[in-house]
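Residue-level structure breakdown
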There are 2 protein chains.
Amino acid sequence: MIFLKKLINNPEQVVRDMIDGMVLAHPDKLKNLPGTNVMIRAHAPVQGKVALVSGGGSGHEPSHAGYVGVGMLDAAVAGEVFTSPTPDQILEAIKAVDTGNGVLLIIKNYSGDLMNFEMAAELAEAEGIQVAKVVVNDDVAVENSTYTTGRRGIAGTVFVHKIAGALAEKGASLEEVEQVANKVIQHVRSMGVAFTPCTVPAAGKPSFEIGETEMEIGIGIHGEPGTHRTAMASADEIADILLSRILDDMKLSPGDQVAVMINGLGGTPLMELYILNKKVSQILKNKDISVYNTYVGEYMTAIEMAGCSITLLKLDDQLIELLEAPADTIAWKN
Amino acid sequence: MIFLKKLINNPEQVVRDMIDGMVLAHPDKLKNLPGTNVMIRAHAPVQGKVALVSGGGSGHEPSHAGYVGVGMLDAAVAGEVFTSPTPDQILEAIKAVDTGNGVLLIIKNYSGDLMNFEMAAELAEAEGIQVAKVVVNDDVAVENSTYTTGRRGIAGTVFVHKIAGALAEKGASLEEVEQVANKVIQHVRSMGVAFTPCTVPAAGKPSFEIGETEMEIGIGIHGEPGTHRTAMASADEIADILLSRILDDMKLSPGDQVAVMINGLGGTPLMELYILNKKVSQILKNKDISVYNTYVGEYMTAIEMAGCSITLLKLDDQLIELLEAPADTIAWKN
């Protein structure tokens, strides 16, 4: 058996093995709901609090199990690689973390995720659980895509986890938590670029081909087509391309305050993400947009794809307070 | 100009651009000593405390600037990619963080680093600064290597930063901090594997060639030769190979307690590191070795190399207390 250049045992077992390895590494933070690919907090359910459930296809680690913990999610449901989790697994997650205060589902805008999370919500409601849903669609690159009607949800989702999670932790109602999640969604925009494809283990070959000196602007986190292919450019030029598209869409004004996320897609080293951030910071400064906080690292990946995305979140006092509130998860600690 | 598939501007400027991007991202944690590649704490120097200085070639991010901050390092000196920092820059770092309580240099065992840090130490001593040095040589793969006499220093170095940093933060003397750093060095062992080479930006081509179905066991973090090349194996087999070599060298007994680090070299996704950890946990459990804590992620990389290393640190009560002590850096937070 050829194992590609991947550290795996069996391409059909990668999600199971990963989940087992995560629980073994972090038993103080996570437990696995037996017989499922659902990860919940080690001390779940948390009484007297709205519960947050997210998830989606695997291959985007640390999304989403990396954000399960105090101040962020209560549960994450992992589908197979780049495949939506099934409604029954999402339902199990909802039932495991609800304590009678309701559950917010945070869904990235992909047709499969939307359908399966909505079906799970209906099943949960039929069992008497109060459920609300928000759909993240922060990717400004394209309207409609391979798996999406409307805009795709990408790394901006992590800000929704953080901020809605912080409000839920303070004891807010389901309606209030849903409202602040939608506020983040209204104020967050992202766009990405890729230099190489990635390989889904079970497929055994790269998901697309791209020339040796080419990059794809606006690519999705599953390799969905972006806006165009062009010759590899410098980090400064890439910062310009992505940020100008984001800023066209956001209509920020001088004096506005933002959080910036420079997200690596898996194969791009931290060094290069910081190089990109230098130009991103300079562009924002030139426009008199104030950067409150910058997050640089791998927050939502595409297996081993080389590339990155830039996310801007427009802040106000409420969002700043919630962004800074305590969080204790594998991938985000405040 | 061909930019490879890298997010850079100029291959000769990557370290400068990275440092600028880091300071712009984390002004609350880091500042750059003007005219140098030295990163120090934003609020350095810290009065009344032994200062810790580390560093080495760039390309291993988040090592070492990612560990500058409360509870870990006081300064990190960045050389060019895979190139030792110069003595004058190391001297500047020492002078910037010393407050009269002495400075501990934490050096990975590479001939260039050793020579330049030693020269800087002599120059600092000539200026009346008390300096101690420890040399990390955790890599059990090979004795002597391309750039090393003896064993190489790799990811285990991060445990030295954490534990010696915690003791320094408590107000211990230079001698005590040096002693605990040497205790970590005596009790930490690592070994790595690579599936792909990496490309130093200024070189413009991969540092070595490796077959499509081959891996190199025991490789160094600059691509130095390991023990042998063999066909790609499963994650479980790789865990067996690396861990058995480490355990041969460590002579752990049933009932011993360890910290485990599963370190990605840059191009290997988090999913795969967790898959590896599953087997590592099982092997240790079968030997009745107790895992106190597991760290999974990118701690010391080799640009975009696909591969990983495993590190074990044998713990006692003192080391556990220092490992758990507060730390607030970009790449390590307790």
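Residues numbered from 1 in each chain as written. Chains lettered and ligands numbered in written order. Predicted model: local features only at pLDDT ≥ 70, side-chain atom pairs only at ≥ 80, totals over all residues. Heavy atoms only, no water.

Let's talk about the sheet that holds strand E9 (residues 228-231) of chain B
Residues and elements named next belong to chain B. For clarity, the cut-off: Only strands joined by at least two bridges in the DSSP assignment are considered to pair. Helix numbering and strand numbering both begin at the N terminus, where a helix is a DSSP run of H or I of at least 4 residues and a strand a DSSP run of E of at least 2. Axes here mean lines fitted to C-alpha atoms, for a helix over just the part in contact, with angles spanning 0 to 180 degrees between N-to-C directions. Contact between two residues is taken to exist if any of their heavy atoms lie within 4.5 Å; hydrogens are not considered.
Pairing within the open sheet is mixed, and its six strands lie in the order E9-E8-E7-E12-E10-E11. In the strand order of this sheet, the two ends are held by E9 and strand E11 (290-297), each with one partner. Ignoring which end each strand starts from, the neighbouring axes of this sheet average 20° apart. Bridge count between strand E10 (residues 257-264) and strand E12 (residues 307-314): seven bridges; the pairing is antiparallel. Bridge pairing in E12 links Val260 to Leu312. Sheet contacts for helix H6 (residues 235-250): strand E7 (188-194), strand E8 (214-217) and E12; angle to E7, the most-contacted strand, approximately 155°. Across the face of the sheet, helix H7 (residues 270-286) comes into contact with E10, E11 and E12 while running at roughly 155° to E10.

Topic: the layout of surface pockets
In plain terms, the rule: Cavity and pocket criteria rest on a 1 Å grid covering protein atoms alone: a 1.4 Å probe that fits but cannot get out defines a cavity, protein on both sides within 12 Å along at least 5 of 7 lines defines an open pocket, and an atom within 4 Å of a point defines a lining residue. Grid points are joined across faces, edges and corners, and a volume is the space filled by probe spheres set on the points. Residue type decides the class: Asp, Glu, Lys and Arg count as charged, Ala, Val, Leu, Ile, Met, Phe, Trp, Tyr, Cys and Pro as nonpolar, and the leftover types, Gly among them, as polar.
In this structure, the second largest pocket occupies an estimated 1500 Å³ of space. Thr196, Pro197 and Glu304 of chain A together with Thr196 and Pro197 of chain B are the residues nearest the centre of the second largest pocket, which is lined by 45 residues in total. Residues that form the lining of the second largest pocket fall into these classes: 19 nonpolar, 13 polar and 13 charged.

A few points about the relation of the copies chain A and chain B
We count it as follows: The copies were overlaid with a least-squares fit restricted to C-alpha atoms from residues scoring a pLDDT of at least 70 in each copy.
If you rotate chain A by 180° and push it 0.0 Å along the axis, it lands on chain B with an RMSD of 0.0 Å. On the angle and the small slide along the axis, the relation comes out as a two-fold axis. The C-alpha atom lying nearest the rotation axis in chain A is that of Gly267 of chain A; the distance is 2.3 Å.

A short note on the interface of chain A and chain B
This is how the line gets drawn: The term buried area means the drop in 1.4 Å probe accessible area that two parts suffer when joined, counted for both and summed. Take a side-chain nitrogen of Lys or Arg and a carboxyl oxygen of Asp or Glu: if they are within 4 Å of each other, that pair is a salt bridge. Under the rule applied, a polar contact is a pair of N or O atoms within 3.5 Å (in protein, one hydrogen donor and one hydrogen acceptor; residues adjacent in sequence only if both atoms are side-chain atoms).
At the interface, 58 residues of chain A touch 58 residues of chain B. Summed over both partners, the interface of chain A with chain B buries about 4700 Å², with 65% contributed by carbon and sulfur atoms. Its largest share of buried area at the contact with chain B, chain A owes to Lys5, Leu7 and Met271 of chain A, together 20% of the area lost on that side. For the pair chain A and chain B, the number of links is six salt bridges. For Glu272 of chain A, the salt bridge is made with Lys6 of chain B, and the minimal N-O distance between the two is 3.8 Å. Across the contact surface, chain A and chain B share 22 residue pairs in polar contact (both at pLDDT 80 or more).

So, the pattern of salt bridges
Here is the rule: To sort residues, take the accessible area from a 1.4 Å probe on protein chains only and compare it with the maximum for the residue type: under 20% means buried, over 50% means exposed, and anything in between is partly exposed.
One pass over the structure, following the stated rule, counts 40 salt bridges over all chains. Across the pair Arg152 of chain A and Asp139 of chain A runs a salt bridge, and its minimum N-O distance is 3.0 Å. With Arg152 of chain A in the loop between strand E6 (131-136) and helix H4 (157-169) and Asp139 of chain A in the loop between E6 and H4, this residue pair connects regions lying 13 residues apart in the sequence. According to the relative accessible area criterion, Arg152 of chain A is buried, its value standing at 0%. According to the relative accessible area criterion, Asp139 of chain A is buried, its value standing at 0%. Between Lys95 of chain B and Glu127 of chain B there is a salt bridge; the shortest N-O distance is 3.5 Å. With a gap of 32 residues between them, Lys95 of chain B in helix H2 (residues 87-97) and Glu127 of chain B in the loop between helix H3 (111-126) and strand E6 (131-136) connect regions that are remote in the sequence. Glu127 of chain B sits in the partly exposed class, given a relative accessible area of 46%.

Describing the UniProt feature "domain: DhaK" (unreviewed entry) in chain A
Counted only if it meets this: UniProt positions are given in the numbering used here, feature names are shortened, and annotations may be inferred rather than shown by experiment.
The feature "domain: DhaK" (unreviewed entry), as annotated in UniProt, sits at residues 10-332 of chain A in this numbering. Secondary structure across residues 10-332 of chain A comprises 33% helix and 23% strand; the distance between its end C-alpha atoms is 30 Å.

Some points on the domain arrangement of chain A
Residues and elements named next belong to chain A. Cut-off, in case you're wondering: Where each domain starts and ends comes from a domain assignment, either automatic or drawn from a database.
You can read the domains of chain A as domain 1 (12-174) and domain 2 (188-324). Using C-alpha coordinates to define each centre, domain 1 is positioned 23 Å away from domain 2. Listed per partner, the contact involves 35 residues of domain 1 and 37 residues of domain 2. Interface of domain 1 and domain 2: buried area, both sides summed, is about 3000 Å²; carbon and sulfur atoms make up 68% of it. It is Phe82, Val140 and Phe159 that lose the most area in domain 1 upon contact with domain 2, and together they represent 23% of the buried surface on that side. Linking domain 1 with domain 2 are two salt bridges, by the criterion used here. Close ionic contact of Arg151 with Asp249 constitutes a salt bridge, the shortest N to O distance being 2.6 Å. Residues of the side of domain 1 that touches domain 2, tallied by class, amount to 17 nonpolar, nine polar and nine charged.

Some words on unusual backbone geometry
The residue after Glu61 of chain A, namely Pro62 of chain A, is reached through a cis peptide bond having omega 15°. Examined against the element boundaries, Pro62 of chain A turns out to sit in the loop between strand E3 (51-58) and strand E4 (75-81). The omega angle of the peptide bond from Ser63 of chain B to His64 of chain B is 0°, so this bond is cis rather than trans. Its location among the elements puts His64 of chain B in the loop between strand E3 (51-58) and strand E4 (75-81). Of note in this structure, Asp288 of chain A is not a glycine but carries a positive phi near 60°.

Overview of the packing of aromatic side chains
Residue and element names in this part refer to chain A. This is how it is decided: Geometry of aromatic contacts follows a simple scheme: Phe, Tyr and Trp rings, the Trp one being its six-membered ring, pair when their centres are within 6.5 Å, and the pair is stacked under 30 degrees between planes, edge-to-face over 60, tilted otherwise.
Going through the model one piece at a time under the given rule, you end up with 10 aromatic pairs over all chains. Judged by centre distance (6.3 Å) and plane angle (75°), the rings of Phe159 and Trp332 are edge-to-face. Linking Phe159 in helix H4 with Trp332 in the segment after helix H8 (317-324), this pair joins segments that are 173 residues apart in sequence. Pair check on accessibility: Phe159 and Trp332 agree, each one buried.

Describing the pairing of strand E8 (residues 214-217) of chain A
Remark: a regular strand shows side chains that alternate across the two faces of the sheet. Strand direction decides the pairing type here: strand E7 (residues 188-194) of chain A and E8 of chain A, joined by two bridges, are antiparallel. Across the sheet, residue Ala194 of chain A finds its bridge partner in E8 of chain A, namely Glu216 of chain A.

Some words on the packing of helix H4 (residues 157-169) of chain B against helix H5 (residues 174-187) of chain B
Residues and elements named next belong to chain B. Here is the rule: In this scheme, roughly parallel covers angles under 35 degrees and roughly antiparallel covers those over 145, while 65 to 115 is roughly perpendicular and the rest are oblique. Crossings are assigned a handedness: left-handed for a near helix turned anticlockwise from the far helix by less than a right angle, right-handed for a clockwise turn.
Packing of H4 against H5 brings their axes to within 9 Å, and their N-to-C directions diverge by 155°. Judged on the interaxial angle alone, H5 and H4 are roughly antiparallel. Here H4 and H5 pass one another in a crossing that is right-handed. On H5, the residues touching Phe159, Val160, Ile163, Ala164, Leu167 and Ala168 of H4 are Glu176, Val177, Val180, Ala181, Val184 and Ile185. Tallied by class, the residues present in the contact of H4 with H5 amount to 11 nonpolar, no polar and one charged.

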